[in-house]
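Chain by chain, the residues run as shown.
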Amino acid sequence: MFKKALIIGAISSIASFSVTAEEAALSYTHAGIGYETGDIADIDFSGFGIYGSKALNESFFLTGSYLSIESDDQYTDGPVTDDIEATGFNFGVGFHTPINSTVDFVSTLSYSDVEVEFADESEDGNGYILAAGVRALPSDVLELSAFIDYADIEDSSETGYSLGARYFTTPDISLGLGYGSSDDFDAITFDVRFDM
């Protein structure tokens, strides 16, 4: 059923949005806002989200995000034609450790919950997402990241990846561009992050 594929894809989109938004070397405390566009189960969508991270100590941090997306065009299912909307959040804990002076290894474990609405009907789904990857600072103004994530959602699982690049306009403000993909999901994200 397309709703299940939408739930799995929406959870993957939230995972991609928050992972590519994570910070690299010095501070793991930040907040940001972003725009995401792509397709879930061959349905084009776009939307906005917020995300944040809070350092707990030198190795662990909390992370979370909220994303609201809507189909770009109306979808027809039998006699019903309407927009598809999905809202969801995730929160979790992360671990990071330096590989060398400019590269960090980062891993997160998050819980994610999504609600998909279509024509006065809604369906919920949730799952756990494990992500692992690296983040690098090749220069003072450029950050790069690459992650693989595994999502255990309801009775299904999905593996995906995300890539990100970030340009610092000031030491505390950066602009990010990310790409995420899995079986039922492909998306590009643009975001602004404020480090604290």
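Conventions adopted
- Residues numbered from 1 in each chain as written.
- Predicted model: local features only at pLDDT ≥ 70, side-chain atom pairs only at ≥ 80, totals over all residues.
- Heavy atoms only, no water.
- Pairing = 2+ DSSP bridges.
- Helix = DSSP H or I, 4+ residues; strand = E, 2+ residues; numbered from the N terminus.
- Axes fitted to C-alpha atoms, helices over the stretch in contact; angles between N-to-C directions.
- Patch = residues over 30% accessible without salt bridge, like charges linked within 9 Å, V, L, I, M, F, W, Y side chains within 5 Å.
- Areas by Shrake-Rupley, 256 points an atom, 1.4 Å probe, with all protein chains shown as cover.
- Salt bridge = Lys/Arg side-chain N within 4 Å of Asp/Glu carboxyl O.
- Lys, Arg positive; Asp, Glu negative; His and termini not counted.
- Charge placed at Lys NZ, Arg CZ, Asp CG, Glu CD.
- Buried < 20%, exposed > 50% of the residue type's maximum accessible area, 1.4 Å probe, protein only.
- Contact = heavy atoms within 4.5 Å.

## Topic: the sheet that holds strand S7 (residues 103-118)
Overall, antiparallel pairing links the 10 strands, which are arranged S1-S2-S3-S6-S7-S8-S9-S10-S11-S12 in a closed barrel. Averaged over all adjacent pairs, the angle separating strand axes in this sheet is 20°, with direction ignored. In this structure, strand S1 (residues 30-40) lies alongside strand S12 (residues 185-195), joined through 11 bridges in antiparallel fashion. Opposite Gly34, over in S12, you have Asp191 as the bridge partner.

## What to know about a negative patch on the surface
On the surface, Asp42, Asp44, Glu70, Asp72, Asp73, Glu85 and Glu117 cluster together to form a negatively charged patch. Secondary-structure assignment places Glu70 in strand S3 (residues 60-71). For Glu70, a relative accessible area of 33% translates into the label partly exposed.

## Let's talk about the environment of Ala31
Here Ala31 lies in strand S1. Take Ala31: its relative accessible area is 29%, and that puts it in the partly exposed class. Look past the residues within four positions of Ala31 in its chain and what remains in contact with it is Tyr51, Gly52, Val192, Arg193, Phe194 and Met196.

## A look at the pairing of strand S10 (residues 156-170)
Summarising the sheet, strand S9 (residues 142-153) and S10 pair through 12 bridges and their orientation is antiparallel. Bridge assignment links Ile153 to a residue of S10, and that residue is Ser156. Count of turn residues in the S9/S10 antiparallel hairpin: 2 residues, of which Glu154 carries a positive phi of about 50°. Direction of pairing for S10 relative to strand S11 (residues 173-182): antiparallel, over a ladder of 9 bridges. Paired with Tyr167 across the two strands is Leu175, which belongs to S11.

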